[in-house]
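# Structural overview
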Amino acid sequence: MSTKLNLFICLCTLAFFHGTSAYLRHHEGAGHKQQQQQQHKYGQCDIQRLTASEPNRRIRAEAGVTEIWDQNTPEFRCTGVVAVRFVIQPGGLLLPFYSNAPSLTFVDQGKGVQGLVIPGCPATFQSEFQSESESSRSISDEHQKVFRIREGDVIPSPAGVVQWTHNDGDTDLVGVSLFDAKSFHNQLDENVRSFFLAGQSQSSSKHQESPEGFIGGNILSGFHKEILQEVFRGADQETISKIRSERDERGSIVQAKDLKLQIVGESQQGGVGRRGANGVEESICNLKFRYNIADPYNTDFSYARAGRISTLNSNILPILEFIRLSAERVVLYKNAILGPKWNVNGHSVLYIRNGEGRVQVVGDGGEAVFDDVVKRGQILVVPQGFAVVVKAGGEELEWVELRTNDNVVSSPIAGRTSVLSAIPVEVLANAYGVSERQAFKLKNARKEVGIFRPFESREEAERERYDVV
């Protein structure tokens, strides 16, 4: 009995030490891997200099151009965002595609029709078309969301949701999209991939330089014809060849001038009202996917001789809570200033729409990582925590910020609601080595919130005080 007990204890001890050793080896390896990932992550954010840039790659198609910003700059690698601009000519159709990362698109110019297909949602829209074989007979078609878009609209798109765009206007339709590769919805690496349901892979076109990332090919072209014929029962071989995009060199934006779409309830497709959460309506199938941030009615802050701000977050458009993105539109009047401020919980990607102005960005080293003039068509990435100040030039400056959080909190350094105004005078006096009187002046130098009017003489201030100006 004693021998058996001793043997049992020995076996248990061996099992314990073996299990403990394996556990430690596993966690040591996991810890080392996590440390490597953190080193890799933080190594990417060693930003010494920011740049305001324009797209460095242009991919031409039959009816438009896809322009992509350089993803290999330190600020794009650090923040994990990808910026793309689609230019769709009149009559052009951006073919249906989905991405592994959520996106937010700002309509910079033009108008058109947008379609979205959300997995698992019913086809609640209906339209009719004439049968080619029986011209007198109308066929009813069912599909998902189709709505009109125009300049100033912001359109969110979750990862895996198919989207397509048709330009039925008379001018180019231009949309600037921000894809968030670091989103928790993206289970792949930090590269944004697009998966098209039609068209030929532009990287395989004889006339195109092979682009890195984003522009993908037609996923149907990779399946065998026999499989597709079984799946799409009744389709002949010619149709199967066409959906596989064999010998199709039109690219991802094709000409579709004859495309006429029926927009159901078009008069009701106006701006999205500000409303609270509703348990029934908050189903993703019923959520709104458009908001016009350029509409004067949607202005949140307006200051005479300074500028105005329009903010779009998940309180206004609930779908943004799902994709964790948001937007803001800023218009600065002549010589007005925004900031300095920093984002507490997100990155900002500034797309300059009109005018020009000077921007300074300061990092954690206390030195400016950007100090230059920005112009129309450029993008400037401002990482989380980096302080930024913008001053308009001799004309109005307008930009749209696409942000990597559905409710970004900004902390201003000056002004009525600034961080300095919330610190005791005695603390400021000791921190800066100034008198308490001087510290008090710093706290109360500006009574505006966020946007400051240009410096004015005492005489100008007196005239404005008595409403002469």
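Notes on the structure in this doc start here.

Thresholds, definitions, all that
- Residues numbered from 1 in each chain as written.
- Predicted model: local features only at pLDDT ≥ 70, side-chain atom pairs only at ≥ 80, totals over all residues.
- Heavy atoms only, no water.
- Helix = DSSP H or I, 4+ residues; strand = E, 2+ residues; numbered from the N terminus.
- Buried < 20%, exposed > 50% of the residue type's maximum accessible area, 1.4 Å probe, protein only.
- Contact = heavy atoms within 4.5 Å.
- Areas by Shrake-Rupley, 256 points an atom, 1.4 Å probe, with all protein chains shown as cover.
- Phe/Tyr/Trp six-rings, centres within 6.5 Å; stacked < 30°, edge-to-face > 60°.
- Salt bridge = Lys/Arg side-chain N within 4 Å of Asp/Glu carboxyl O.
- Pairing = 2+ DSSP bridges.
- Polar contact = N/O pair within 3.5 Å; in protein donor to acceptor, adjacent residues only side chain to side chain.
- Axes fitted to C-alpha atoms, helices over the stretch in contact; angles between N-to-C directions.
- Core = buried A, V, L, I, M, F, W, Y, C linked by side-chain atoms within 4.5 Å.

### Some points on the overall build of the chain
Across its full length, the chain holds eight helices and 27 strands. In the chain, buried positions account for 44% of the 469 residues. For the chain, restricting intrachain contacts to residue pairs at least 6 apart in sequence, the fraction spanning at least 24 positions comes to 73%. Just so you have it, the chain exposes about 25600 Å², and 51% of that area is on carbon and sulfur atoms.

### Topic: unusual backbone geometry
The step from G339 to P340 runs through a cis peptide bond, and the omega angle for that step is 0°. Within the secondary structure, P340 is located in strand β19 (residues 337-343). At R305, a position not held by glycine, the phi torsion is positive, near 60°. Along the chain, R305 turns up in the loop between β16 (301-303) and β17 (307-312). Overall, the relative accessible area of 35% leaves R305 in the partly exposed class.

### As for the packing of aromatic side chains
Under the defined criterion, the tally for this structure stands at three aromatic pairs. With a centroid separation of 4.9 Å and 10° between ring planes, the pair formed by Y98 and F195 is classed as stacked. On the criterion of sequence distance, the pair formed by Y98 in strand β4 (residues 92-99) and F195 in strand β13 (residues 194-196) is long-range, its members being 97 residues apart. You can call Y98 partly exposed: its relative accessible area is 23%. Every member of this aromatic cluster is reached through a ring pair, and the members are F86, F97 and F196.

### What to know about the pattern of salt bridges
In this structure the tally under the stated criterion is 21 salt bridges. A salt bridge links K225 to E246; the nearest nitrogen and oxygen atoms lie 3.4 Å apart. A residue pair is termed long-range when its members are at least 10 positions apart, and K225 in helix α3 (residues 225-231) and E246 in the loop between α4 (237-243) and β14 (253-255) qualify at 21 residues. Take E246: its relative accessible area is 23%, and that puts it in the partly exposed class. Here E238 makes a salt bridge to K242, at a shortest N to O gap of 3.7 Å. One end of the pair, E238, and the other, K242, are both in helix α4, four residues apart, so they sit about a helical turn from each other. Comparing E238 with K242 shows no difference in burial state: the two are exposed.

### Observations regarding the pairing of strand β10 (residues 153-157)
When you tally the buried positions in β10, you get five out of five residues, the bulk of the element. For strand β5 (residues 103-109) and β10, the ladder comprises four bridges, and the chain directions are antiparallel. Bridge pairing links T105 to I155 in β10.

### A word on the sheet that holds strand β15 (residues 291-292)
Ordered in space as β1-β2-β3-β12-β5-β10-β15, the seven strands form an open sheet in which the pairing is antiparallel. The outermost strands of the open sheet, each flanked by one partner alone, are β1 (57-61) and β15. As judged from the five bridges shared by β1 and strand β2 (residues 64-68), these two strands associate in the antiparallel manner. When the bridges of β2 are listed, R60 appears paired with V65.

### Section: the environment of T165
Here T165 is to be found in strand β11 (residues 162-166). For T165, a relative accessible area of 8% puts it in the buried group. Separated by 51 residues in sequence, T165 and Q114 have C-alpha atoms that sit 4.7 Å apart. Beyond its immediate stretch of four places on either side in the chain, T165 contacts I88, G92, L93, L94, V113, Q114, I149 and L173. At 2.7 Å, the side chain of T165 and the side chain of Q114 are in polar contact.

### A closer look at the sheet that holds strand β20 (residues 348-354)
With antiparallel pairing, six strands are arranged side by side in an open sheet as β16-β17-β18-β25-β20-β23. In the strand order of this sheet, the two ends are held by β16 and β23 (379-382), each with one partner. Across the sheet, the mean angle separating the axes of adjacent strands is 15° when strand polarity is ignored. Here β17 pairs with strand β18 (residues 326-332) via six bridges, running antiparallel. Looking across to β18, one finds that S310 is bridged to R329.

### Side note on the nonpolar core
Membership of the largest hydrophobic core comes to 62 residues, with the highest contact counts inside it found for L104, F214, L312 and I379. With six residues, the single largest contributor to this core is strand β3 (residues 81-88). If you look at the next biggest cluster of nonpolar residues, it comprises 27 residues, including L50, Y303, I309 and I451.

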